[in-house]
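Examination of the molecular architecture
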Protein chains: 2
Amino acid sequence: MQVRAAVLEEFGRPLAVQDVELADPKAGEVLVRLEACGVCHTDLYTASGADPSGYAPCVLGHEGAGVVEAVGPDVTLVAAGDHVVTLFAPECGKCVHCLSPRTNRCTAIRDQQGLGYLPDGTARFSRGDEELRHFMGTSTFADATVMPEIALAKVSPEAPLAGCAPFACGLSTGIGAALYTAQVAPGSTCVVFGCGLVGLGAVIGARLAGAERIVAIDLSEERLAEARRHGATDTRVAADDTVDWIRSETAGFGADYTFEATGNVQVMQQAVEAAREAWGLATMIGVAGKGEMLDVVPRLLITGRRVTGSSFGGVKGRSQVPGLVDRWLAGEIDVDALVTARIPLDEVNEAFEAMERQEGIRTVIEL
Amino acid sequence: MQVRAAVLEEFGRPLAVQDVELADPKAGEVLVRLEACGVCHTDLYTASGADPSGYAPCVLGHEGAGVVEAVGPDVTLVAAGDHVVTLFAPECGKCVHCLSPRTNRCTAIRDQQGLGYLPDGTARFSRGDEELRHFMGTSTFADATVMPEIALAKVSPEAPLAGCAPFACGLSTGIGAALYTAQVAPGSTCVVFGCGLVGLGAVIGARLAGAERIVAIDLSEERLAEARRHGATDTRVAADDTVDWIRSETAGFGADYTFEATGNVQVMQQAVEAAREAWGLATMIGVAGKGEMLDVVPRLLITGRRVTGSSFGGVKGRSQVPGLVDRWLAGEIDVDALVTARIPLDEVNEAFEAMERQEGIRTVIEL
């Protein structure tokens, strides 16, 4: 079939929206008619050429939501008509990581996915004789895509799909970092550095976990206002004395949990320093630039701080994304406030530009 | 009373063993007749002047064991005749940290202890008109010392005191890092970098926790032989490819738990890199040099590794040291093999020199 898709032709150039061919799903694969897709920093990171593992040409996009249109042979997990969220982090349910409650890092298809292929080592997108590789196993800047069934979370059909899209990456990443990676304890103090979609997700996750104090830090007063809307109890404009201020607000000890959602290694260092002596946990969510290092003063560790990181918020996609969507439907998560722009696919490059200007929280492409 | 003590007169100079005055214990304090004291790297670190928080003159030594000779007013935790291990990390049982199961960082007396004084802000040691400050709240390079009752662990009188001394610092630190800080799970794979007393303690702790594989890394074949004696299942001479080798031995993933017991920040970095994707925990036990930083590749965190540190092995001294000593008496810990030299107090400087040559595991001063 022919689908309209935004293709990364060359690093550092605008995406080219065009008609491409999409082949039928093979065994274990699913054809998804996409309805919405968030525009995420990871798309821009790859499009810019900054991602050392990037490749082109490929169909970009990974924060998708849609409806199953058809399934290939042997598919048992979803059926035509199911509403699904796409998962760049699949869940096979059988590998050493899926069988552990401690991680969401499914190993089933990672090698081929990293190369831009579906699990059998081929691509479903093409243009004449030329194959177009998949991006993050998803490729959701398109009317439709073909994906492995283990990479689709079946969600409530009552949830509007434009609001489901952020659960495919940024929002689940932030919420999950608090709920699943850090496992924030009720009554605790949390600090979130950076109030984009991921950081706001961490604010939401901390609130859902029952944190008593949720401190949000950002350079933008507007984003701090958003953080208050989603549950931050304290907000502060980022400054040189941020860590000292956090310590002064916590009897000199620091915060029980800190979250870094900017990808800036200096901010990561602040997140470590602001974590509490004795048991503070600093969780890195942002993706640092290539070759950048996080410098940690060893004494901060010896005196009891812990440092970790989170990918897709530690969320096991098929098992846990549906429940997060349900919490939105139950009124616990204000997704509407997070989707600050809705655009057609043709405007994807403008969405990248707006993102670079840090405008809004999340732009969703309606397909 | 007059006691013989090894005094740090000036950084970088040999200790001066001499007679000094020891005042009676005040309220909440205890006079301990010391029988044995281990010579620890921390003593040498301070004596050398490398420790930025060091001070002189003071009575050095902190890995002591002895018998309570007298108690000051209001002492309820120990009585004359009790066998005790000295605790540079006290346990008041009442502060915010003592009340938490997550940490051993008692806050009760830390400020004065850091300055070299007992909790009331004065010293018990003197020489004529000159006060001699306490070291780490202990000062156990002496026939006797005065310490707060909350800094003494009452241990079995059946345990020879020369063997109790290493439980006052190095041995408990290593064992505790595995048992209490990392909480090694049965059946797991552990890697210990550095096989001095602390590293061997971590090997022992991993064994006591039921680890299936315990890999010890050191530059010295002799120390690796010691590691095997205490429970290491695999040993390897440290080399440039240590991390690659560990990954190759663990299906490419890395070890469930790694422990750093050298204080070298490059080795700390290896400990992080050798920890397993998805859930590996790297625990820093060694003390880095002033101003040195641990460089962490953020991607290692995002993909699920955790980094922490351990002070006194996370051991709550009064509550948990007695049980560790009991495990020695029960035959689970081979302390005799760890005490590789016994010397009189007058030879303390020679013990420092032997330590710099990395001779033996632990020298104990018999007092």
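Residues numbered from 1 in each chain as written. Chains lettered and ligands numbered in written order. Predicted model: local features only at pLDDT ≥ 70, side-chain atom pairs only at ≥ 80, totals over all residues. Heavy atoms only, no water.

**Description of the relation of the copies chain B and chain A**
Short version of the rule: Here the copies are superposed with least squares, the fitted atoms being C-alpha atoms of residues at a pLDDT of at least 70 in both. By definition, residues are in contact when any of their heavy atoms lie within 4.5 Å.
Superposition record for chain B on chain A: RMSD 0.0 Å, screw rotation 180°, translation along axis 0.0 Å. The two molecules are tied by a two-fold rotation axis, judged by turn and shift. A symmetric contact is evident, with 100% of the interface residues of chain B recurring at the interface of chain A.

**Points about the sheet that holds strand β4 (residues 58-59) of chain A**
Residue and element names in this part refer to chain A. Going by this rule: Pairs of strands are assigned from DSSP output, requiring at least two bridges between the strands. We count a stretch as a helix when DSSP gives it H or I for four or more residues in a row; a strand needs E for two or more, and each element gets its number in order from the N terminus.
In spatial order, the strands read β1-β2-β7-β8-β4; together these five strands close into a barrel with mixed pairing. Where β4 meets strand β8 (residues 130-134), two bridges bridge the pair, whose relative direction is parallel. Bridged to Val59 within β8 is His134.

**Describing a positive patch on the surface**
Quick reminder of the rule: The patches reported here contain residues having more than 30% relative accessible area and no salt bridge. Joining distances are 9 Å for like charges and 5 Å for nonpolar side chains (Val, Leu, Ile, Met, Phe, Trp, Tyr). Using the Shrake-Rupley algorithm and a 1.4 Å probe, accessible areas are obtained, with residue cover drawn only from the displayed protein chains. Criterion for a salt bridge: a side-chain nitrogen of Lys or Arg within 4 Å of a carboxyl oxygen of Asp or Glu. Under the counting rule used here, the positive set is Lys and Arg, the negative set is Asp and Glu, and His together with the chain ends is not counted. To locate a charge, the coordinates of NZ of Lys, CZ of Arg, CG of Asp or CD of Glu are taken. Exposure is judged per residue with a 1.4 Å probe applied to protein chains only, and the accessible area is read against the type maximum: over 50% gives exposed, under 20% gives buried, and values in between give partly exposed.
Judged by side-chain charge, Arg102 and Arg306 of chain A together with Arg102 and Arg306 of chain B come together as a positively charged surface patch. Mapped onto the elements, Arg306 of chain B comes out in strand β17 (residues 306-309). Residue classification places Arg306 of chain B among the partly exposed positions, given a relative accessible area of 32%.

**A closer look at the interface of chain B and chain A**
Quick note on the threshold: As used here, buried area is the combined drop in accessible area, with a 1.4 Å probe, of two parts when they are placed together. As used in this structure description, the phrase polar contact means that two N or O atoms lie within 3.5 Å; if the pair is within protein, one of them must be able to donate a hydrogen and the other to accept it, and residues adjacent in sequence are counted only when both atoms belong to side chains.
Each partner contributes to the interface: chain B provides 38 residues, whereas chain A provides 38 residues. Between chain B and chain A the total buried area reaches about 2,900 Å² when both faces are included, carbon and sulfur atoms providing 62% of it. Area buried by chain B at its contact with chain A is led by Arg102, Trp279 and Ile302 of chain B, which between them contribute 21% of it. Inspection of the chain B/chain A interface yields four salt bridges. Inspection of the chain B/chain A interface yields 17 residue pairs in polar contact (both at pLDDT 80 or more). For the side of chain B that touches chain A, the element with the most residues is β17 of chain B, which contributes four residues.

**A look at helix α8 (residues 265-273) of chain A**
Within the sequence span of α8 of chain A, burial applies to Val265, Val267, Met268, Gln269, Ala271 and Val272 of chain A. Sitting at the amino-terminal end of α8 of chain A is Asn264 of chain A, which places a side-chain oxygen 2.7 Å from the backbone nitrogen of Gln266 of chain A.

**Section: the sheet that holds strand β8 (residues 130-134) of chain B**
Residues and elements named next belong to chain B. Taken together, the five strands give a closed barrel; going around it, the order is β1-β2-β7-β8-β4, and neighbouring strands pair in mixed fashion. Examined bridge by bridge, strand β7 (residues 125-127) and β8 share three bridges and lie antiparallel to one another. Residue Arg127 lies in a different strand from β8, and its bridge partner there is Glu130.

**Remarks on the pairing of strand β6 (residues 83-86) of chain A**
All names here are of chain A. Neither face of β6 is open: one carries His83 and Val85, the other Val84 and Thr86, and all of them are buried. Of the pairings in the sheet, the one linking strand β5 (residues 63-71) to β6 comprises three bridges and is antiparallel in character. Looking at β6, one finds that Val67 is bridged to His83. Both β6 and strand β10 (residues 152-155) contribute to a ladder of four bridges, which runs antiparallel. The partner of Thr86 across the bridge, within β10, is Leu152.

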